[in-house]
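Observations on the three-dimensional arrangement
Each chain, letter by letter, is given below.
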Amino acid sequence: MMLPGGDVVWDKKFMKRREFMLALGGAAASMPRVARAQPPAMPVIGFLRSTSAAEATEFVTAFRLGLKDAGYIEGQNVGIEFRWAQGQNDRVPDLVADLIRRPVAVIVGDAFPMLRAKAATASIPIVFAAGGDPVAQGLVNSLNRPGGNVTGVHFFAGVLGAKRLDLLRQLLPKTKTIAVLVHPNTPNTEAERRDVQAAAKTIGQQLVVLDANGERDIDMAFATFVQRGADALLAGSGPFMTAQRKQLIELAARHTLPACYHAREVVTDGGLMSYGASVADAYRQVGIYAGRILKGEKPGDLPVMRSTKFELVINLRTSKTLGLEIPPGLLATADEVIE
C-alpha cells in the first residue's frame, strides 16, 4: 500500500501468503524426479541349474532365444539372475531361497531344482526342462492341465534307453556285453534303468550296470567295465551325465569303448553317437513360456510341451579314432553327421 511521499508499506497478511507460496514451490522443486515419474521395474527371471555355468552354455543361449521370440531381451526389458549348484544338490535349497528373496518373477531350470522350488513357493511361477516324466516326478498333476504354479517342457530322455541300446547293437551286432552307467537315486534314472534292463532281457543282451555319483565313481566304473569285457557303453541321461561328458568321452576313447549318449552336445564335444530330443531346444521353449508368463499367462493353464522330434547324431571323426566302421544302414538314418 502507498503512503504520502511515495513510501510503500507491505501488508502483513500479504507477506505471509507470499512466503507460504514460495516455500511450497521450493518443496515441489526439491522432490526427487523418480517420485514424480517412476518407470515400471524390469522383471527378473531366476535361472537355476544343478550343473555349472560352463556345462550349460548352449542351454542359456537357447533360453535367451526363446525369451527373444516372446518379446524379451536381457538387459532391455528383462533381467536374468543365474544360480549354479555345481553338481552339488545339497546347495539347491539355499539357491532357491536366494532367488525367492530377490525376489524374481519366474524361476526356470532343470527338474531337480524345480522340484525344490515348487516345495518352497506356491506363488512364483516355475518353468522346468525335464527329461523324465514330470507327472511321476511330482512336478505337475497333469501334462495337459498342470495346475498350480508350475509348467514346462518334457524331452523324454529317460524313456529312450531301449532305443539307444538298439542303436549300439546295430553298430556292434556281435557284441556280447554292453556297459551301462547311470547317475542313481533320481526318478528319471530309475525309469531309464528299468527300460534298458527290460529291453536287454527281451533280446538276451548281457549288461553290466553301474552307478556313478562323481568323477571317482566314473573312473572306477570304467575300470570295472574293462575288467568285465564290455564291448560298448550306454551312458545314462540327465544333467549329471551331461556335466561329466568330457570325462566320459576321454575314458571311452582311452578304453576304446564305442558309446551312445542322450544328448547331441556330448557328440559335438567328441562323443561317438547320441539319440534323443534336443535339450537346447527344450530350453528355447522354456524361454518362450517364461515370456508368456511375464505377459500375464498363468503357468497352470499352459500345457507341458512335449518334444516331438528326436535326432540321431554320429561323429565320424570319433569313429575313425576308435577304428570303427559305421554300418551304412545306421549312417543313412542319422539326422546329423559330424565329419
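Per chain, residue numbering runs from 1 following the sequence as it is written. Side-chain atom pairs in this predicted model are given and counted only at pLDDT of 80 or more, local residue features only at pLDDT of at least 70, and totals for whole chains, interfaces and linings cover all residues. Only hydrogens and water are set aside when side-chain values are computed; all heavy atoms of the structure are taken into account.

1. Some points on the overall build of the chain
Operational definition: In this text, helices come from DSSP runs of H or I with a minimum length of four residues, and strands from runs of E with a minimum of two, each type numbered from the N-terminal end. When a residue's accessible area, from a 1.4 Å probe over protein chains only, is under 20% of the maximum for its type it is buried; when over 50% it is exposed; and in between it is partly exposed. Residue contacts are counted whenever heavy atoms from the two residues lie within 4.5 Å of one another. All accessible-area figures derive from a Shrake-Rupley calculation using a 1.4 Å probe, and residue coverage is judged against the displayed protein chains alone.
Across its full length, the chain carries 14 helices and 13 strands. The buried share among the 339 residues of the chain stands at 49%. Once local pairs closer than 6 in sequence are excluded, the contacts in the chain between residues at least 24 apart make up 69%. A total accessible area of about 17100 Å² is found for the chain, and carbon and sulfur atoms account for 53% of it.

2. Brief notes about the nonpolar core
Test applied: Put simply, a nonpolar core is a bunch of buried Ala, Val, Leu, Ile, Met, Phe, Trp, Tyr and Cys residues held in one set by side-chain atoms that sit within 4.5 Å of each other.
In this structure, Phe-63, Val-108, Leu-181 and Phe-222 are the most contacted members of the largest nonpolar core, which totals 53 residues. Membership of the second largest hydrophobic core comes to 27 residues, among which are Leu-160, Val-196, Leu-312 and Ile-314.

3. What to know about helix H4 (residues 92-101)
Applicable threshold: Directions are taken from the helix axis to each C-beta atom, and the arc is the one they span.
For H4, every residue scored as buried is listed here: Val-92, Leu-95, Val-96 and Leu-99. What you see down the axis of H4 is that its buried residues fit within an arc of 100 degrees, all on one side. Facing away from the buried surface of H4 by more than 90 degrees, the exposed residues are Asp-94 and Arg-101.

4. With respect to unusual backbone geometry
Following Arg-102, the chain continues to Pro-103 via a peptide bond in cis, the omega torsion being -20 degrees. Among the structural elements, Pro-103 can be located in the loop between H4 and strand S3 (106-110). Of note, the phi angle at Gln-86 is positive, near 60 degrees, even though the residue is not glycine. The backbone phi angle of Thr-256 is positive, close to 50 degrees, even though this residue is not glycine. The topology assignment puts Thr-256 in the loop between helix H10 (245-254) and strand S9 (259-261). Under the relative-accessibility criterion, Thr-256 is labelled partly exposed at 45%.

5. Quick word on the sheet that holds strand S13 (residues 336-338)
Our working rule: Two strands are said to pair when DSSP picks up at least two bridges between them. Here the axes come from fitting lines to C-alpha atoms, over the contacting stretch only for helices, and the angles between their N-to-C directions go from 0 to 180 degrees.
Read across the open sheet, the seven strands follow the order S7-S6-S8-S9-S10-S12-S13; overall the sheet is mixed. Across the chains shown, the open sheet's two edge strands, defined by having one partner strand only, are strand S7 (206-211) and S13. Strand-to-strand, the axes of this sheet are offset by a mean angle of 20 degrees, without reference to chain direction. Here strand S6 (residues 177-182) runs beside strand S8 (residues 232-235); their pairing, made up of four bridges, is parallel. Paired with Ala-179 across the strands is Leu-233, a residue of S8. The sheet contacts of helix H8 (residues 215-227) involve S6, S7 and S8, and relative to S6 the element is tilted by about 170 degrees.

6. Thoughts on the environment of Asn-185
Looking at the element boundaries, Asn-185 is found in the loop between S6 and helix H7 (187-203). A C-alpha to C-alpha distance of 9.5 Å links Asn-185 and Asn-213, two positions 28 residues apart in sequence.

7. Focus: the confidence of the model for the chain
Test applied: Residue-level confidence of the predictor is what pLDDT reports, using numbers from 0 through 100.
Mean pLDDT over the chain stands at 88; residues scoring 70 or higher make up 88%. Predicted confidence for residues 1-10 stays below pLDDT 50, and this span has seven contacts to residues more than four positions away or in other chains. Residue range residues 27-37 is modelled with pLDDT below 50. Its contacts to residues more than four positions away, or to other chains, number three contacts.

8. Observations concerning the side chain of Gln-285
With respect to the element layout, Gln-285 can be found in helix H12 (residues 279-294). Judged by its relative accessible area of 18%, Gln-285 falls in the buried class. Leaving out residues up to four positions away in the same chain, Gln-285 has contacts with Val-153 and Met-305.

9. Concerning the side chain of His-262
The criterion, for reference: Pairs of N or O atoms are called polar contacts if they sit within 3.5 Å, as long as, within protein, a hydrogen donor faces a hydrogen acceptor (for residues adjacent in sequence, only side-chain-to-side-chain pairs).
Positionally, His-262 belongs in the loop between S9 and helix H11 (264-268). There is a polar contact of 3.0 Å between the side chain of His-262 and the side chain of Thr-242. When sequence neighbours within four positions are dropped, the list of residues in contact with His-262 reads Arg-164, Gly-236, Ser-237, Gly-238, Met-241, Thr-242, Ser-274, Tyr-275 and Gly-276.

10. Quick notes on the sheet that holds strand S5 (residues 150-154)
Ordered in space as S2-S1-S3-S4-S5-S11, the six strands form an open sheet in which the pairing is parallel. Every interior strand has two partners, whereas the edge strands, strand S2 (79-84) and strand S11 (305-306), have only one. Direction of pairing for S3 relative to strand S4 (residues 126-130): parallel, over a ladder of four bridges. Paired with Asp-110 across the two strands is Ala-129, which belongs to S4. Running over the sheet, helix H5 (residues 111-120) touches strand S1 (44-49), S3, S4 and S5 and is turned about 145 degrees from S3.

11. Concerning the packing of aromatic side chains
The following threshold applies: Two rings belonging to Phe, Tyr or Trp (six-membered ring only in the last case) form a pair when the distance between their centres is within 6.5 Å. Interplanar angles under 30 degrees mark stacking, angles over 60 mark edge-to-face geometry, and anything in between is tilted. Think of it as a cone above the ring: NZ of Lys or CZ of Arg counts as a charge over the ring if it is within 6 Å of the ring centre and within 35 degrees of the ring normal.
Scanning all chains against the criterion turns up nine aromatic pairs. Between Phe-156 and Phe-310 the ring centres are 6.1 Å apart and the planes differ by 65 degrees, which places this aromatic pair in the edge-to-face class. Of this pair, Phe-156 sits in the loop between S5 and helix H6 (161-171) while Phe-310 sits in the loop between S11 and strand S12 (311-315), and the two are 154 residues apart along the sequence. Here Phe-310 falls in the partly exposed class, since its relative accessible area comes to 24%. These aromatic residues form a ring-pair network of at least three members: Phe-47, Phe-59, Phe-63, Phe-82, Trp-84 and Tyr-283. Sitting over the face of the ring of Tyr-275, Lys-163 holds its NZ or CZ atom 5.6 Å from the ring centroid.

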